[in-house]
Amino acid sequence: MMAQPGVNLGQEAFCCSICLDLLKDPVTIPCGHSYCMNCIRSHWNREDEQRIHSCPQCRKTFTPRPVLVKSIMLADLAEQLKETGLQAAPADHCYAGPEDVACDVCTGRKLKAKKSCLFCLVSYCEKHLQPHYDVLQLKKHKLVEPSKNLQENICSRHQQSVYPFYLLDEHKGHDTVSAAAERTERQRELQESLQQILQRVQDREGDVKLLQQEVEAISRSADKTVEDSEKIFTELIRLIQKRSSDVKQQVRSQQEAEVSRVKEHQEELEQEITELKRKAAELEQLLYTEDHIHFLHNYRPLSALSESTHSSSINIRPLRYFEDVTAAVSELRDKLQDTLRQTWTNVSLTEVDVLLSEPEPQTRAGFLQYSRELTLDPNTANRKLRLSEGNRKVTCEEEQQPYSDHPDRFTGYYQVLSRESLTGRCYWEVERREGGVYVAVAYKSISRAERGNECLFGFNDKSWALFCGQNSYTFYHNNVGTEVSGPPSSRVGVYLDHRAGILSFYSVSETMTLLHRVQTTFTEPLYAGLWIGPSSLCELCSVE
């Protein structure tokens, strides 16, 4: 067995693996390797965009970028090497030249190879060869003089190096192929795999870029929404405070007027009491005088007391003077609470979808995971429509219903919208009986108080509607009708992916059959809509 070579601490131990020269202003990075300060700084400057900095030798990464501090000890040793002249050693003393076999393991400037391993197909310098002398499994490898042609011949069965002088018994009789030909074939396969991987990387990088844009858009939208909401709520608070101040001022003004009136009445009564007491004292003094002449001389018949100008019955209503104001403010509070509750429900149901929307479900169970419990809004219902079953069922009646006036009410057509707005992914079902029905979605901005195409579901650019007849279907949008084929059914399912711009109608029975799908861009929240003919009945189903 070859003796272990001794330790040789020459110039290469103090060389920078980047510039291959003696260390200048040496620094040691966290992994333990040392470099010239300018060399490693330039290397990391090129990696700044990736925000991850690595060691050129061991490839260990560091985050954040390490702070470079000059190594005083290495600087002193490098300076001593310069003084002793070791830097003048000839290049071919340690390092591989153009004609030499280089060590395959060395990084940076490579050392000369001392041996080549037929099993590893690698050439080693003296330092990197040492494990072949120390490790039991590596001791079995065949070491030869350094060679540049280790892969010239490869056994097609074992894919191991075959040297003419070291053919092993297990390779006798095996066919050999040219290493270059085998390499070319394997390179072609690797090139195809590499192209596939690079294409996938490019696709994924595109997806990542789109998602990043989506994140930025969501953040901008959220910031603007928060800013706008704060402004609106500030205005609302200011309005409420102003109204509170007005009520307070009005009550105080009324209080002052009423108190003044009552005090004036009180003063008049007090004056009358004083006058009556004075007269009573005079009469009492005359009544009890003992001088008959004086009594008769001063006696005058007392005229009857005049009727008091003030009512003797004063109606006292403690804590009831301003009860109408309290009732009005309480009613305002209740209405505001209802409005805020409904608005918050709509806000909480708003979905923020990522760019890559989920595919449309394929089964009814898949659709039901997006089911919405919808109710009809009485403020939008035509007066010929009667709502029941918790505002989920609607019938067309001959007599008008006692609805109050409301700007959202349809007055020209027998139509009604849902109370809930629809965003994100939603699914609902409509059950119809007798007569034709339009199952629709519409923007809240659709016209109401007219009888024309701008109000009728499906005949304008603010609504989409599927007309369901007894045995036929027709889809309408912007006054364009499209005949739709499909199995007749009393139940129609509607699927909406607001973000993806998908609206689908299904015939629902034992199975679901797609009737019509719309791909568009929705610019406002949508509302479910129904149009029903005379004596017809329709219901928003409770789906489970």
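Residues numbered from 1 in each chain as written. Predicted model: local features only at pLDDT ≥ 70, side-chain atom pairs only at ≥ 80, totals over all residues. Heavy atoms only, no water.

Chemist: Help me understand the UniProt feature "coiled-coil region" (unreviewed entry) in the protein chain in this model?
Modeler: Within the UniProt annotation, "coiled-coil region" (unreviewed entry) is assigned to residues 252-286. Secondary structure content for residues 252-286 is 100% helix and 0% strand, while the C-alpha to C-alpha distance between its ends is 51 Å. (UniProt positions renumbered as here; feature names shortened; annotations may be inferred. Helix = DSSP H or I, 4+ residues; strand = E, 2+ residues; numbered from the N terminus.)

Chemist: Quick question: what am I supposed to make of the confidence of the model for the protein chain here?
Modeler: Detailed reading of the predicted coordinates is not advisable wherever pLDDT falls low. The share of residues in the protein chain with pLDDT of 70 or more is 83%, and the mean pLDDT across the chain is 82. In this model, residues 86-92 is a region of pLDDT below 50 whose contacts with residues beyond four sequence positions or in other chains number 8 contacts. Counting contacts from residues 156-172, a segment whose pLDDT is below 50, to residues more than four positions away or on other chains yields 29 contacts. (pLDDT = per-residue confidence, 0-100. Contact = heavy atoms within 4.5 Å.)

Chemist: Teacher, can you tell me more about the pairing of strand β19 (residues 502-508) here?
Modeler: Looking along a regular strand, one sees side chains alternate from face to face of the sheet. Most of β19 is tucked away: 7 of the 7 residues are buried. Here β19 shows two buried faces, one formed by I502, S504, Y506 and V508 and the other by L503, F505 and S507. Pairing of strand β18 (residues 491-497) with β19 involves 7 bridges; the strand directions are antiparallel. When the bridges of β19 are listed, L496 appears paired with L503. Where β18 folds back on β19, the antiparallel hairpin that results is connected by 4 residues, among which G501 adopts a positive phi of roughly 75 degrees. Examined bridge by bridge, β19 and strand β20 (residues 512-519) share 7 bridges and lie antiparallel to one another. Residue I502 lies in a different strand from β20, and its bridge partner there is Q519. The antiparallel pairing of β19 with β20 creates a hairpin that spans 3 residues between the two strands. (Buried < 20%, exposed > 50% of the residue type's maximum accessible area, 1.4 Å probe, protein only. Pairing = 2+ DSSP bridges.)

Chemist: Is there a simple way to think about a nonpolar patch on the surface in this case?
Modeler: A contiguous nonpolar surface patch, about 280 Å² in accessible area, is contributed by F233, I237 and L340. Structurally, L340 can be placed in helix α8 (residues 323-348). Under the relative-accessibility criterion, L340 is labelled partly exposed at 39%. (Patch = residues over 30% accessible without salt bridge, like charges linked within 9 Å, V, L, I, M, F, W, Y side chains within 5 Å. Areas by Shrake-Rupley, 256 points an atom, 1.4 Å probe, with all protein chains shown as cover. Salt bridge = Lys/Arg side-chain N within 4 Å of Asp/Glu carboxyl O.)

Chemist: Would you mind going over a negative patch on the surface with me for this structure?
Modeler: Taken together, E264, E267, E268 and E270 make up a surface patch of like negative charges. Its location among the elements puts E268 in helix α6 (residues 179-287). (Lys, Arg positive; Asp, Glu negative; His and termini not counted. Charge placed at Lys NZ, Arg CZ, Asp CG, Glu CD.)

Chemist: I would appreciate a short explanation of the sheet that holds β19 in the present structure.
Modeler: For sheets, the rule is that strands pair by backbone hydrogen bonds, running either parallel or antiparallel. Across the sheet, 7 strands lie side by side as β10-β11-β22-β13-β18-β19-β20; this open sheet has antiparallel pairing. The outermost strands of the open sheet, each flanked by one partner alone, are β10 (385-388) and β20. Along the sheet, successive strands turn relative to each other by an average axial angle of 20 degrees, direction set aside. Strand direction decides the pairing type here: strand β13 (residues 425-433) and strand β22 (residues 537-540), joined by 4 bridges, are antiparallel. Bridging across to β22, E431 finds its partner in E539. (Axes fitted to C-alpha atoms, helices over the stretch in contact; angles between N-to-C directions.)

Chemist: Would you mind showing me how to read the pattern of salt bridges here?
Modeler: Note on pairing: side chains with opposite charge can pair once their charged atoms come close. Applying the stated rule across the entire model yields 24 salt bridges. Residue D246 pairs with K242 through a salt bridge whose shortest N-O separation is 3.0 Å. In this pair, D246 and K242 both sit in helix α6, 4 residues apart, roughly one turn of the helix. Using a relative accessible area of 22% as the deciding quantity, one classes D246 as partly exposed. For K242, a relative accessible area of 48% gives the class partly exposed. What emerges from the salt-bridge pattern is a single network uniting R364, E429, E431 and R491.

Chemist: Would you take a moment to explain the sheet that holds strand β15 (residues 463-468) for this structure?
Modeler: Spatial strand order, β12-β21-β14-β15-β16-β17: 6 strands in an open sheet with antiparallel pairing. The open sheet has two edge strands, β12 (415-422) and β17 (480-484), and neither has a second partner. Across the sheet, the mean angle from the axis of one strand to that of its neighbour is 20 degrees, orientation sign disregarded. Two elements, β15 and strand β16 (residues 473-477), share 5 bridges in a ladder whose sense is antiparallel. Across the sheet, A465 pairs through a bridge with Y476, a residue of β16.

Chemist: Please explain the packing of aromatic side chains as it appears in this structure.
Modeler: The geometry of an aromatic ring pair is captured by two quantities: the separation of the ring centres and the angle between the planes. If you walk through the whole model with that rule in mind, you get 13 aromatic pairs. Ring centres 5.7 Å apart and planes at 80 degrees place the aromatic pair F410 and F457 in the edge-to-face group. In this pair, F410 sits in the loop between β11 (393-396) and β12 while F457 sits in the loop between β14 (437-443) and β15, placing the two residues 47 residues apart along the sequence. On the basis of an interplanar angle of 90 degrees and a centroid distance of 5.1 Å, the ring pair of Y438 and W531 is categorised as edge-to-face. (Phe/Tyr/Trp six-rings, centres within 6.5 Å; stacked < 30°, edge-to-face > 60°.)

Chemist: Would you mind showing me how to read the nonpolar core here?
Modeler: The nonpolar side chains of soluble globular proteins are, as a tendency, buried together. In this structure, W428, W464, L466, L503 and F505 are the most contacted members of the largest nonpolar core, which totals 37 residues. If sequence neighbours within four positions are ignored, F505 has contacts with V439, L466, F475, V492, G493, V494, T513, L514, L515 and H516. Membership of the second largest hydrophobic core comes to 15 residues, among which are L417, A442, F459 and W531. (Core = buried A, V, L, I, M, F, W, Y, C linked by side-chain atoms within 4.5 Å.)

Chemist: I would appreciate a short explanation of the pairing of strand β21 (residues 526-532) in the present structure.
Modeler: With 7 of its 7 residues buried, β21 lies for the most part within the structure. By the alternation rule, side chains of β21 split into L526, A528, L530 and I532 and Y527, G529 and W531, which are all buried. Where β14 lies against β21, 7 bridges are found, and the strand directions are antiparallel. In the sheet register, V441 faces β21, and the bridge partner there is A528.

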